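# Observations on the three-dimensional arrangement
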Amino acid sequence: MRVVLILLCLSMSLPAAAQDRRPSHCIALAQTPGVSFVHKASYRDKVEKHSVRISYLSHASFLIQSDGGINVVTDYTGFIGVTDLVPDVVTMNHAHDTHWTTSPDPAIPHVLRGWGPYNQGIDHHLDLGSMLVRNVPTDIRSFGGVEEKGNSIFVFEVAGLCIGHLGHLHHEPNDAQYAALGRLDVVMAAVDGGMSLDTATMMRVLKRLRVQVVIPMHWFEDWTLTSFLTGMSEEYVIDRSEGNSLEVSLRALPSQPTIKLLYPRFLQDP
């Protein structure tokens, strides 16, 4: 009886905002039917129903588009190409200046920084109806030491999918962080081999997350990318088909988890 009373008191003490939050289906659901993807020609094309388009722009920046018309840019640096497209949401991390900008376009409705006050982190839970954007804070190396919660992994829950952008990840997530991430169907992962995570650790992270589709990013030379692809090839199919974008939907489980190699290209309006 005492335990029940304690739990009741704790539930009553939670902030109202936290109680009103739409729960994460990526954390709540342990199973997934899987993902399949098809290619699309242009970011200006309409996204197919129940699908998400992911376009690789540069370095660690991706454009994520929902079938409901939401446009998100990850690790936004202030430039996405020669285009009049204004994202609805941008996310940023401040491990390096290639992952953020001090002067985001004021026309962007939601600018989500992956850091807060020093060593305190930040909490995002942006509910856009057809898309939920949330973050899991991680530590970064800083001036020879460590800044706790100085970066974030961002998770985009849309069209039944759980899409993760690992950002400039500097350490393997701990058990609490793995739990907070939940299921991830698609992950954008840095494969530079050392500036973020070393290749062996990144492979261990992806395998523990049981990611179905991995999109490599943050690679500077072919040897770092090749090392990652070689290390993952026993458990992942390597798809080297040309292009900078794909459409993803929650449909049928691939016969084997897949690494989809995209080639970065800034947006350019016709």
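For the structure given in this document, a descriptive report is provided here. Owing to the predicted nature of the structure, the values given are computational and were not obtained by experimental measurement. (Residues numbered from 1 in each chain as written. Predicted model: local features only at pLDDT ≥ 70, side-chain atom pairs only at ≥ 80, totals over all residues. Heavy atoms only, no water.)

Let us now look at the packing of helix 5 (residues 199-209) against helix 6 (residues 222-232). One can describe the packing of helix 5 onto helix 6 by two numbers: an axis separation of 10 Å at closest approach and a directional angle of 45 degrees. Overall, the two elements helix 5 and helix 6 adopt an arrangement that is oblique. With respect to the hand of their crossing, helix 5 and helix 6 are arranged in right-handed fashion. Taken together, the residues of helix 6 that come into contact with helix 5 (itself represented by Thr-199, Met-202, Met-203, Leu-206 and Lys-207) are Ser-227, Phe-228, Gly-231 and Met-232. Looking at side-chain class alone, the contact of helix 5 with helix 6 contains 5 nonpolar, 3 polar and 1 charged residues. (Axes fitted to C-alpha atoms, helices over the stretch in contact; angles between N-to-C directions. Helix = DSSP H or I, 4+ residues; strand = E, 2+ residues; numbered from the N terminus. Parallel < 35°, antiparallel > 145°, perpendicular 65-115°, else oblique. Left-handed = near helix turned anticlockwise from the far one by under 90°. Contact = heavy atoms within 4.5 Å. Nonpolar A, V, L, I, M, F, W, Y, C, P; charged D, E, K, R; others polar.)

What follows concerns helix 6. Residues of helix 6 that are buried include every one of Thr-224, Leu-225, Phe-228, Leu-229 and Met-232, and no others. Projected down its long axis, helix 6 carries its buried residues within an arc of 130 degrees, all on one side. Residues of helix 6 that are exposed and point over 90 degrees away from its buried face: Asp-222, Trp-223 and Thr-230. On its buried face, helix 6 is in contact with helix 5, strand 13 (213-217), strand 14 (237-239) and strand 16 (258-260). (Buried < 20%, exposed > 50% of the residue type's maximum accessible area, 1.4 Å probe, protein only. Arc of directions from axis to C-beta.)

A few words on the nonpolar core. Counting 56 residues, the largest nonpolar core has Ile-54, Ile-163, Leu-206, Ile-215 and Phe-228 as its most contacted members. For Ile-215, the contacting residues outside a window of four places in its chain are Ile-54, Phe-62, Val-186, Val-187, Met-188, Ala-189, Leu-246, Lys-260 and Leu-262. (Core = buried A, V, L, I, M, F, W, Y, C linked by side-chain atoms within 4.5 Å.)

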